[in-house]
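Chain by chain, the residues:
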Amino acid sequence: MALRLTTVPADAPAQGIALPAVPSSRTTPASVLGPRAAQALARRDVPAYRALFAEAAAVDDVHRRWQARKALVQAGLGVQGTALGVVAPVFAAVADACLELLEQDPREPQLLNWAGVALYELGALKPAGQLFDAALRLDPELPHVRGNLDEIARRKAAGITRIPGLPPAVTAGLRTLETRAARVARAASPATGLTLSLCMIVKDEEAMLGRCLAAVRDAVDEIIVVDTGSTDRTVEIAESFGARILHHEWTGDFSAARNVSFGAATGDWVMYLDADEVLVDGDAAALRALTGRTWREAFYLVEVNHTGDLEDGTAVTHDALRVFRNRPEYRFEGRVHEQIAQHLPGFLPERLERTPVRMEHYGYLGVVRDAKGKSRRNIELLERQAAEGVDTPFLSFNLASEYAAAGQHERAYEHFARAWEEVVADPAVTTYGYAPSLAARFVKSLRVTGRLDRVDAVAEQVLEVFPGFTDVVYEQGFAARAREDLDAAASLFARCLEMGDAPSRYSATVGCGTSMAACALAEVHRMRGELPAAEALLRTALREHPGYLGTIEQLALVLLRQDVAAADVVDQLERDGGPLSPTAAFLVAVACFEVGAVQVAATLLRRTLAAQPEAHAARVILAEALLSEGDLPAAAQEAERVPTEAACADAAARTALFSRIAAGHDVSEEALDAAGRAGLPAHEVAVLRAWRDGGAPLPALPAEAAAPVLTMLDALARLEQYDAFEALAPVLDAVDVPWRERREALARLYLRRGYLESAADEWIAVVEREGPDARAYTGLAEVALARGLDEDADLLAAEARALEPAPA
């Protein structure tokens, strides 16, 4: 029986490869020679067929030459007919042509396999097996070769070692073919001695460059660093690793800078990294080994993009095209999110390989993006590219992604929608490497912008194109939750767990089919009051994925809601998931603080700050915890350690000023002005200034000042800071809201804090000034009930009902 050949059907999807489809109408050497081969074989003119290989050898372009040879070999192996006199000479010609090419370069797995198939069909099982083994040595994943070896074993077991009736000319030449095949098979091994150049472009990367170069230096022979204007120690660090430095003026064009680095590379292979990308420890040898695989043109590495904050455990995996043969035609295009794949032979998928070599990317971390202003810079460059006339779905996708990262979700939606509309209409949609990311982000954009009614339809469209894309089902779950359809949300998150994480070729988010989905499902259980079910799910998730912070936070909340003591919650979390990281300790601290376990919260926050002194949000919460315990000086001191440029500087300023004024300490005008510069709203600064100054007349305050005044009064009442309360209370009268609303708000505050006489005084003042009404009598009834005066409460409530205005 004939063996299965290693062909790639013309309509087979090449999912995740960011290479353009080749129009079928384009004339290529293969499209010319293939039909001529078929014609020659149809008329049984084997010499004419064999002569076509010489024409293929004359093709200048190396990739079109290979494509033409491939078409000729496949035409021969697919020859029609069963008569040995017809097919055997063709198989002999195929074997001869393949071996001739392999004698020039034996490192070609597909040629080895094809030569083996031809010899197998001629009954030469031993050399065929040698060729199949050689093909597997080079490429263990080459399709069908293992099956071919199994078929040889089956024939041998059946005692079929030769095919009788071969034409004499074929029989006469077979021994020579067998000898040549054995020699080629022995010579087939990865190339040695080839070199790899690392090419980088950098600017002010002193914080991350050293780690990047330390991880990769043992895998490369040359480091080319193009510096575009660093003012820090970047160049010094690069030189310490032996890098060759090229200084290039920054023109706002990433491709131009990247191409300078490629142009300077002298290695047989080139790869590129950014300074915030780090080769995974232990993968340097595997990266180095790729240089011997000369039958490839480029390699994908597995890139783990850390997102959010470094310790929260969220990441997106992506197959990134990073290693290339050093050819002058392989150059980048595009000012930002530069691309090179369009110059690779996308019509030859066997020339590209997905590898398990891993690198970690830290540039998508919120702290890194914020520090470098990446979104703002990228939007500017992309808009400039659009202004220059570039109008492609890829540009729209990149603009949308940057707008989304910057929090401009409506602008992001517009560009996502435009890009998806164009891409999904293309029959070759799966050949666009960015299409899965576009699809998932578009679905999320629909949810984030409130277009919930469209999420499911678009998600199903995406899943038809990219089956098993768990990230999309995950977004459907959140859309269902936003529609308050908790049953549907639970079903969708459970489906995610059944599917597991999507493959890396989809640029999938790690956890959408595991830890993140478990947390989302647990949250639905929590929302439905099913706390034991949520706890069981989260405990399993914590054991299986201890690094995901969402699990830790959710489990802490569930345990606290079941009245587990805060200290016991911490013990259980560390027992099942190991010691809490600084960020995990912060999240658990916040959960404890919110249920009133202030001391446990403060202990955890101090742990966080001991490890991460720049964790400003933790310092603000610690200041709040100290404040809630009544330690006003310590609260102010902690809050004042938060720099004004921190994202939470406004909250820190609020806590510091409140604590100092409440404690009776001096607060300067400069401190109030600094609070305004830190982002504290002007009306809050005005409230604090009025409280500090005291006396009369008080400045008029806007209506929005009522909320912070009441919040501060409530805190002072809880802390029993009576003098400070009496000093602040008159400020409420300066707020531009109706007198009645101010009195009732104050009455409600008194009632909530147990100052029942003061609450009653406020409502009585309302009745005396504006006359009895239902609202005032209802308040007085609540005061009576709180005092245990049930009969008086009933009478007042009855009066309130009687005064209730009749419905219109």
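Here the residue index of a chain counts from 1 through its sequence in written order. In keeping with the model being predicted, local features are shown solely for residues with a pLDDT of at least 70 and side-chain atom pairs are shown and tallied solely at 80 or more, while totals for entire chains, interfaces and linings include all residues. As a convention, hydrogens and water are excluded, and side-chain values are obtained from all of the structure's heavy atoms.

## With respect to the overall build of the chain
Put simply, the rule is: A run of H or I in DSSP counts as a helix once it spans at least four residues, and a run of E counts as a strand once it spans at least two, with each numbered from the N terminus. Each radius of gyration is computed over the set of C-alpha atoms, and the globule rule expresses the reference value as 2.2 Å times the number of residues to the power 0.38. For each residue, the accessible area found with a 1.4 Å probe, counting protein chains only, is set against the maximum for its type, and the residue is called buried under 20%, exposed over 50%, and partly exposed in between. We call two residues contacting when some pair of their heavy atoms lies within 4.5 Å.
Helix and strand counts for the chain stand at 37 helices and nine strands. Its C-alpha atoms give the chain a radius of gyration of 36 Å, clearly above 28 Å, the size a compact globule of 808 residues would have. With the C-alpha coordinates aligned to their principal axes, the bounding extent of the chain is approximately 125 × 60 × 50 Å. When the 808 residues of the chain are sorted by exposure, 53% land in the buried category. For the chain, contacts bridging at least 24 residues in sequence account for 65% of all contacts bridging at least 6.

## Section: the packing of aromatic side chains
Two numbers describe a pair of aromatic rings. These are the distance of the centres and the angle of the planes. The criterion, for reference: Here is the rule: rings of Phe, Tyr and Trp (six-membered ring for Trp) pair when centre to centre is within 6.5 Å. Planes less than 30 degrees apart are stacked, more than 60 are edge-to-face, and the remainder are tilted. Comment: the charge-over-ring label is applied if NZ (Lys) or CZ (Arg) is within 6 Å of the ring centre and within 35 degrees of the ring normal.
In this structure the tally under the stated criterion is 22 aromatic pairs. Relative to phenylalanine 469, the ring of phenylalanine 466 has its centre 6.4 Å away and its plane inclined at 85°; by these criteria the two rings are edge-to-face. Each member of the pair, phenylalanine 466 as well as phenylalanine 469, is classed as buried. Each residue in the set Phe262, Tyr272, Phe324 and Phe332 is aromatic and connected to the rest through ring pairs, giving one cluster. Its guanidinium or amino end placed over the ring of tyrosine 300, arginine 354 lies 4.4 Å from that ring's centre, counting from NZ or CZ.

## Focus on helix α24 (residues 566–577)
This is how the line gets drawn: Multiplying one less than the number of residues by 1.5 Å gives the expected span of a helix. The arc under discussion is defined with respect to the helix axis, by the directions toward the C-beta atoms.
The end-to-end C-alpha separation of α24 is 16 Å, in line with the 16 Å expected for twelve residues at 1.5 Å each. Listed as buried for α24 are Ala566, Val569, Val570, Gln572 and Leu573. Angularly, the buried residues of α24 cover 165° about the axis, an arc narrow enough to put them on a single face. Residues of α24 that are exposed and point more than 90 degrees away from the buried face comprise Asp571 and Arg575. Buried residues along α24 sit against α22 (531–544), α23 (549–561), α25 (582–594) and α26 (598–611). Directly after α24, the chain includes glycine 578, whose backbone phi takes a positive value near 90°.

## Observations concerning the environment of leucine 33
Its place among the elements puts leucine 33 in helix α1 (residues 29–42). The class for leucine 33 is buried, based on a relative accessible area of 4%. With 127 residues separating them in the primary sequence, leucine 33 and isoleucine 160 have C-alpha atoms 36 Å apart. Once you skip the residues sitting within four places of it in the chain, leucine 33 turns out to touch Leu52, Glu55, Ala56, Ala68 and Leu72.

## Examining the packing of helix α32 (residues 706–719) against helix α34 (residues 739–753)
Defined as follows: In this description, a line fitted to the C-alpha atoms serves as the axis of each element, helices being fitted only across the stretch in contact, and the angle between N-to-C directions of two axes falls anywhere from 0 to 180 degrees. Should an angle fall under 35 degrees it is called roughly parallel, over 145 degrees roughly antiparallel, and 65 to 115 degrees roughly perpendicular, with every other angle called oblique. Should the near helix be turned counterclockwise from the far one by less than a right angle, the crossing is left-handed, whereas a clockwise turn marks it as right-handed. Gly is placed with the polar residues, together with every amino acid not listed as nonpolar (Ala, Val, Leu, Ile, Met, Phe, Trp, Tyr, Cys and Pro) or charged (Asp, Glu, Lys and Arg).
Orientation of α32 relative to α34, taken along the N-to-C sense of each, is 25°, at an axis distance of 10 Å. With respect to their mutual orientation, α32 and α34 come out roughly parallel. The way α32 lies across α34 gives a crossing that is right-handed. Listed contacts from α34 to Leu710, Leu713, Asp714, Ala717 and Arg718 of α32 are Ala745, Leu746, Leu749, Arg752 and Arg753. Per-class residue counts for the contact of α32 with α34 are six nonpolar, no polar and four charged.

## Structural notes on the packing of helix α36 (residues 774–786) against helix α37 (residues 790–803)
For any two helices packed against each other, the geometry is given by the interaxial angle and the distance between the axes. In contact at an axis separation of 8 Å, α36 and α37 are set at 165° when each is read in the N-to-C sense. As far as their axial angle goes, α37 and α36 are roughly antiparallel. Note on packing geometry: the crossing formed by α36 with α37 is left-handed. Counting all contacts with α36, which are made through Ala774, Tyr777, Thr778, Leu780, Ala781, Ala784 and Leu785, the residues of α37 involved are Asp790, Asp792, Ala793, Leu796, Ala797, Glu799, Ala800 and Leu803. Residues that form the contact of α36 with α37 fall into these classes: eleven nonpolar, one polar and three charged.

## What to know about unusual backbone geometry
The backbone of histidine 144 sits at a positive phi, close to 75°, despite the residue not being glycine. By relative accessible area, which is 24% here, histidine 144 ends up partly exposed. The backbone phi angle of aspartate 563 is positive, close to 65°, even though this residue is not glycine. Looking at the element boundaries, aspartate 563 is found in the loop between α23 and α24.

## Description of the pattern of salt bridges
Note the threshold: One speaks of a salt bridge when a side-chain nitrogen belonging to Lys or Arg is within 4 Å of a carboxyl oxygen belonging to Asp or Glu.
Evaluation of the coordinates by the stated rule reveals 56 salt bridges. For glutamate 523, the salt bridge identified is with arginine 526, shortest N-O distance 3.9 Å. One end of the pair is glutamate 523 and the other is arginine 526, both in helix α21 (residues 515–527) and three residues apart, which spans about a single turn. Two residues, arginine 740 and glutamate 770, come together in a salt bridge whose shortest N-O distance is 3.3 Å. Residue arginine 740 is located in helix α34, and its partner glutamate 770 is located in helix α35 (residues 756–770); the two are separated by 30 residues in the primary sequence. On the basis of relative accessibility, which here comes to 8%, the residue arginine 740 falls in the buried class. Put simply, Arg740, Glu741, Glu744, Glu770, Asp773 and Arg775 are held in one network by salt bridges that share partners.

## A few points about the environment of aspartate 274
Here aspartate 274 lies in the loop between β4 (269–272) and β5 (277–279). Using a relative accessible area of 23% as the deciding quantity, one classes aspartate 274 as partly exposed. The spacing of aspartate 274 and glutamate 460 is 186 residues in sequence and 36 Å in space, taken between C-alpha atoms. Those residues within four positions of aspartate 274 in sequence are excluded, and the remaining contacts are Met200, Cys212 and Arg258.

## Observations concerning the confidence of the model for the chain
Low-pLDDT portions of the prediction should not be read for the details of their coordinates. Convention followed: What pLDDT expresses is the predictor's confidence in each residue, scored from 0 to 100.
With 92% of its residues at a pLDDT of 70 or more, the chain shows a mean pLDDT of 89. Per-element averaging of pLDDT across the chain places helix α13 (residues 366–372) at the bottom with 43 and helix α20 (residues 486–499) at the top with 97. Scored below 50 in pLDDT, residues 4–25 shows 50 contacts in the model against residues more than four places distant or in partner chains. A low-confidence stretch, residues 365–372 stays under pLDDT 50, and its non-local contacts, those more than four residues away or across chains, total 17 contacts.

## Focus: the pairing of strand β2 (residues 222–227)
Regular strands place their side chains on alternate faces of the sheet. Operational definition: At least two DSSP bridges between two strands are required for those strands to pair.
In terms of residue burial, β2 counts as a mostly covered element, since six of its six residues are buried. Going residue by residue along β2, you find Glu222, Ile224 and Val226 tucked away on one face and Ile223, Val225 and Asp227 tucked away on the opposite face as well. Pairing between strand β1 (residues 196–202) and β2: six bridges, direction parallel. Opposite leucine 198, over in β2, you have isoleucine 223 as the bridge partner.

## Focus on helix α7 (residues 145–157)
Look at α7: 19 Å from first C-alpha to last across 13 residues, which is about the 18 Å you get at 1.5 Å a residue. Every buried residue of α7 is accounted for by Val145, Asn148, Glu151, Ile152 and Arg155. The buried residues of α7 all sit within an arc of 110° when viewed along its axis, so they share a single face. Exposed residues lying more than 90 degrees from the buried face of α7 are Asp150 and Ala157. Buried residues along α7 sit in contact with α5 (109–121) and α6 (125–138).

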